[in-house]
Amino acid sequence: MSVQKLKETILNKINRATEKALGQIPEHLELGFPPNTELGHFAVGCFPLAKQFRKSPAEIAKKISEKITPDDVIQEVNVSGPYLNISIFPDVLFGKFCSEIISENNKYGESSVGQGTRGMVEFLSPNTNKPLHLGHLRNGALGMSISKILEATGHWVVKANLINDRGVHICKSMLAWKRWGDGSTPESEGLKGDHFVGSWYVRFAQEADKNQTIEDDVQIMLQQWEAGDPETVKCWETMNNWVYDGFAETYKNFGLEFDVFYYESDTYKMGKDVVQKGLGKNVFSKDDHDNTVFHLPVAEFGQEKGGEAKKVTLLRPDDTSLYITQDIGASILKIEEHKLYFSIYVVGSEQEYHFKCLFQILSSIGYEWAKDCHHLSYGMVYLPEGKMKSREGKIVDADVLIAEMKKLAADEIRQRDPEGLLSDDEINHRAKKIGIGAIKFYLLRVRPTQSINFDPAESISFDGFTGPYCQYAYARIFGILAKAQDSAFNLQDCDFSLLGNAQELLLLQKLIQFPEEINNAVQGFNPSKIAVHIFNTAKAFNQFYNKHHVLRAENEKLVTARLALIKATAIVLKKGLNLLGIEVLENM
RNA sequence: GCGCCUGUAGCUCAGCUGGAUAGAGCAACGGACUUCUAAUCCGUAGGUCGCAGGUUCGAAUCCUGCCAGGCGUACCA
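Residues numbered from 1 in each chain as written. Chains lettered and ligands numbered in written order. Predicted model: local features only at pLDDT ≥ 70, side-chain atom pairs only at ≥ 80, totals over all residues. Heavy atoms only, no water.

## A closer look at the overall build of chain A
Alright, step 1. Along chain A, the regular secondary structure elements total 21 helices and 14 strands.
Alright, step 2. A principal-axis box enclosing the C-alpha atoms of chain A has dimensions of 85 × 70 × 40 Å.
Alright, step 3. A total of 588 residues make up chain A; the buried ones form 52% of that total.
Alright, step 4. Contacts in chain A between residues at least 24 apart in sequence constitute 74% of all its contacts with a sequence separation of at least 6.
Alright, step 5. Summed over all atoms, the accessible surface of chain A reaches about 27900 Å², with 47% contributed by carbon and sulfur.
Alright, step 6. Placing the 66 positive and 77 negative side-chain charges of chain A at their respective mean positions leaves the two points 5 Å apart. (Helix = DSSP H or I, 4+ residues; strand = E, 2+ residues; numbered from the N terminus. Buried < 20%, exposed > 50% of the residue type's maximum accessible area, 1.4 Å probe, protein only. Contact = heavy atoms within 4.5 Å. Areas by Shrake-Rupley, 256 points an atom, 1.4 Å probe, with all protein chains shown as cover. Lys, Arg positive; Asp, Glu negative; His and termini not counted. Charge placed at Lys NZ, Arg CZ, Asp CG, Glu CD.)

In structure tokens:
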């Protein structure tokens, strides 16, 4: 009997009892959990039945309970006000769930609700004029996690990175390097490529403060680039390649993976012909200044003070395109090239209006898939002094943060290894997983719409509601399982009737809830659901661990049953952390 | 002005498809390592759920108004 069947069995029993007691099958009931494990293992609130049977929920609960007879699954049913609290025989309860989790292993919690539909998650989307910062890490962590969660729920995901590699800001670092760089390279300066290029972007800003005319020079440079001037294009390629080398290193360190890269230099002209076609079909029109514009539907977007519809400009009078025009082109390209059914854009909340307009325009042009485009919007990352602004140097650099967290983790590991038994390689290996795990968990543990106030002094720690806390629980379990290897247990021989104390019940409850939380996460595009649940699972394990022994339990049968329970726990912890893009460690 | 987001314990946040006494973590204080890893656990203390109405048997959760903060608001990306 599977877990799903067990739940159905319980609900069926209640349905039949309701029919006996009140003459009708209930319209809708949900199986939940009581607030504490002493009340029972599952709970059903009778509120939804009040209308159907025109009685108070408490009265209904009482009548139903009278018609439920214990059997080989249900041990007893208690009524507490409007609730039916149901207890299951421990051997069935623990037996079913532990066996199922262990046999499904890393597939536990997955579902096929996505039915194999293919979609794209576009995230990170960096500019090639400066290194990545903390905001990019939030974006990257979200993009990776939501991709994994979509895959776990039966979707086919293409991870895309649309790189903003052209434009006046890119030309700024080019101009500064050409003028003052004196042939220097990342190698000659001993810098990561993206940091090297970023330093010239900063230099440009400094020079521009002294001398406004270079702002004009950079516009000329942009024109030369657009005209395909060989020298400018060569410089652009050289510098972008330096940046890509640097980015690749950061992607690798932080665990960011992409299936496809798009470059704005390839796509920035693409929206134009779509707009011009739409102009012919009267989807778009010309305004007084000869701009090509789109009128937003008043019902959704409201109207201007004068009463006319709001509009979006798509082409300037000289037919040059704007950001949204490019995005129209890129959106269509992505869908057609990869035969997508849905398309997700992981982009900061400051662009919500942009995407609302973009999806509306695509829909108005006639693309039905526009309804399956989703902007996964997330809040800003603030520093104590305010919003991050790279031009003012108020940023947390991604590489610096990663290195710092890794170092903090390494210090912590060394403290736990006073005799120096661990090799530098091993310390490095662990420190990386722990440091990155701490950053990712910190960025993913709150819902995306929340802005994050990043206080470098105290924001990211290894204690409490953190990634390392969850990793630690896993490592503890791994330690026990490793020691138990000699007495390898067989699921068939487990006597699960021995389990059932408060800590074991709470832990099992967390394991049971896991698949549902994955579902919640995917429906709300919200990985924090998983972060919170994995923390609660780790906490439930630590509470169990501190109160009960596994290997030194009272008797051999209890040892085996508990081994099965913690093995199932390890599976859930690992799966959950992996869905957040966090790796587990076997030793900490 | 308008739109979206946010407002819950000293701080950072869960809970927000209405339901059992509002939960964590951090910080504070007090405990637990001869026992499977103390990056742990237990306890104490800490809350007019921004304010005011409304809907409901029942509201942190839904509706309306207001207050405060953030972001956005057509020819930047």
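Here the narrative resumes.
## Considering the protein's contact with RNA strand B
Alright, step 1. Close to RNA strand B lie 59 residues, the nearest being Y83, K311, Y382, R416 and Y472.
Alright, step 2. Within 4 Å of the protein, the contacting atoms of RNA strand B are drawn from sugar and phosphate to the extent of 62%.
Alright, step 3. In this structure, a base nitrogen belonging to RNA strand B sits 3.0 Å away from a side-chain N or O atom of E304.
Alright, step 4. One nitrogen or oxygen atom from the main chain of Y545 is found 2.7 Å from a base nitrogen belonging to RNA strand B.
Alright, step 5. The element contributing the most residues to the surface near RNA strand B is helix α20 (residues 528-547), with eight residues.
Alright, step 6. Each residue belonging to the surface near RNA strand B can be placed in one class, and the counts come to 26 nonpolar, 17 polar and 16 charged. (Near = heavy atom within 4 Å. Polar contact = N/O pair within 3.5 Å; in protein donor to acceptor, adjacent residues only side chain to side chain. Nonpolar A, V, L, I, M, F, W, Y, C, P; charged D, E, K, R; others polar.)

## Remarks on the sheet that holds strand β1 (residues 42-45)
Alright, step 1. Pairing is antiparallel across the open sheet formed by three strands, whose spatial order is β1-β3-β2. The two strands at the open ends of the sheet, each matched to only one other strand, are β1 and β2 (74-80). In this sheet, neighbouring strand axes are inclined to one another by 20° on average, regardless of whether the strands run parallel or antiparallel.
Alright, step 2. Its contacts with the sheet put helix α4 (residues 90-104) on β1, β2 and β3 (83-88), and the angle it makes with β3 is roughly 80°. (Pairing = 2+ DSSP bridges. Axes fitted to C-alpha atoms, helices over the stretch in contact; angles between N-to-C directions.)

## A look at the layout of surface pockets
Alright, step 1. Of the pockets and cavities examined, the largest pocket occupies roughly 1200 Å³.
Alright, step 2. Forming the walls of the largest pocket are 40 residues, and the residues nearest its centre are S125, N127, H136, E350 and Q351.
Alright, step 3. Every element with two or more residues in the lining of the largest pocket is listed here: α5 (134-152), α6 (168-180), α11 (264-267), α14 (323-338) and β10 (342-348).
Alright, step 4. For the lining of the largest pocket, a count of residues per class yields 16 nonpolar, 16 polar and eight charged.
Alright, step 5. Size it by volume and the second largest pocket reaches roughly 750 Å³.
Alright, step 6. Around the second largest pocket, the lining comprises 26 residues; the ones closest to its centre are Y472, A475, R476, Y545 and M588.
Alright, step 7. Listing elements by their share of the lining of the second largest pocket, those giving two or more residues are α16 (398-415), α18 (467-483) and α20.
Alright, step 8. The dominant element in the lining of the second largest pocket, judged by the number of residues it contributes, is α18, at eight residues.
Alright, step 9. Residue composition of the lining of the second largest pocket, by class: 13 nonpolar, six polar and seven charged. (1 Å grid on protein atoms, 1.4 Å probe; cavity = no way out; pocket = protein on both sides within 12 Å on 5 of 7 lines; lining within 4 Å. Points joined across faces, edges and corners; volume = space filled by probe spheres on them.)

## Focus: empty space enclosed by the protein
A probe matching the size of a water molecule, rolled over the atoms, marks out where space remains unfilled.
Alright, step 1. In the structure shown here, the tally under the stated rule is two cavities of 30 Å³ or more.
Alright, step 2. Roughly 70 Å³ of internal volume is contained in the largest cavity.
Alright, step 3. The wall of the largest cavity is formed by F33, T37, G40, H41, F42, L93, L505, L508, Q509 and I512.
Alright, step 4. Per-element tally for the lining of the largest cavity: the top contributor is helix α19 (residues 502-523), with four residues.
Alright, step 5. By residue class, the composition of the lining of the largest cavity is six nonpolar, four polar and no charged.
Alright, step 6. Its boundaries defined by the atoms lining it, the second largest cavity holds a volume of some 30 Å³.

## Structural notes on the packing of helix α10 (residues 230-254) against helix α17 (residues 424-444)
Alright, step 1. Packing of α10 against α17 leaves a shortest axis separation of 10 Å and a crossing angle of 90°. With respect to α17, the element α10 is oriented roughly perpendicular. Taken together, the residues of α17 that come into contact with α10 (itself represented by K252, N253 and F254) are K432, I436, I439 and K440.
Alright, step 2. In the contact of α10 with α17, the residues fall into three nonpolar, one polar and three charged. (Parallel < 35°, antiparallel > 145°, perpendicular 65-115°, else oblique.)

## A few points about the pairing of strand β11 (residues 373-378)
Alright, step 1. Where burial is concerned, most of β11 is hidden: five out of the six residues are buried.
Alright, step 2. Here six bridges tie β10 to β11, and the two strands are oriented parallel to one another. In the sheet register, G348 faces β11, and the bridge partner there is Y378.
Alright, step 3. Of the crossover connections in this fold, the one passing from β10 over helix α15 (residues 352-365) to the parallel β11 is right-handed. (Right-handed = clockwise from strand over helix to strand, strands pointing away.)

## Some details on helix α3 (residues 57-66)
Alright, step 1. Buried within α3 we find P57, I60, A61, I64 and S65. The arc that holds every buried residue of α3, seen down its axis, measures 130°, which confines them to one face.
Alright, step 2. Among the structural elements, α1 (3-22), α2 (49-53), β2 and β3 are those in contact with the buried residues of α3. (Arc of directions from axis to C-beta.)

## Details of the pattern of salt bridges
Alright, step 1. Counted according to the given criterion, the structure contains 22 salt bridges.
Alright, step 2. K178 is the partner of E231 in a salt bridge, and the nearest nitrogen-oxygen pair spans 3.0 Å. In this pair, E231 is assigned in helix α10 and K178 in helix α6, connecting sequence segments 53 residues apart.
Alright, step 3. The exposure class of E231 is exposed, given its relative accessible area of 54%.
Alright, step 4. Counted as one network, the salt bridges with shared partners bring together R166, E226 and E264. (Salt bridge = Lys/Arg side-chain N within 4 Å of Asp/Glu carboxyl O.)

## Some thoughts on the nonpolar core
Alright, step 1. Ranked by internal contacts, the top residues of the largest apolar core, which has 150 residues, are I14, I64, I86, I88, I439 and F454.
Alright, step 2. The biggest single contributor to this core is helix α21 (residues 556-579), with 14 residues.
Alright, step 3. If sequence neighbours within four positions are ignored, I64 has contacts with I14, A17, T18, A21, L22, C46, L49 and L84.
Alright, step 4. Grouped together as the second largest cluster of nonpolar side chains are 34 residues, Y262, Y345, I361 and C373 included. (Core = buried A, V, L, I, M, F, W, Y, C linked by side-chain atoms within 4.5 Å.)

## Structural notes on the side chain of N526
Alright, step 1. In this fold, N526 is placed in the loop between α19 and α20.
Alright, step 2. Once residues lying within four places of it in the same chain are set aside, the contact partners of N526 are I146, R447, P448 and A521.

## Quick word on the environment of D182
Alright, step 1. Within the secondary structure layout, D182 lies in the loop between α6 and α7 (186-189).
Alright, step 2. When its relative accessible area of 75% is taken as the criterion, D182 is described as exposed.
Alright, step 3. Considering only alpha carbons, one finds D182 and S321, 139 residues apart in sequence, at a separation of 35 Å.

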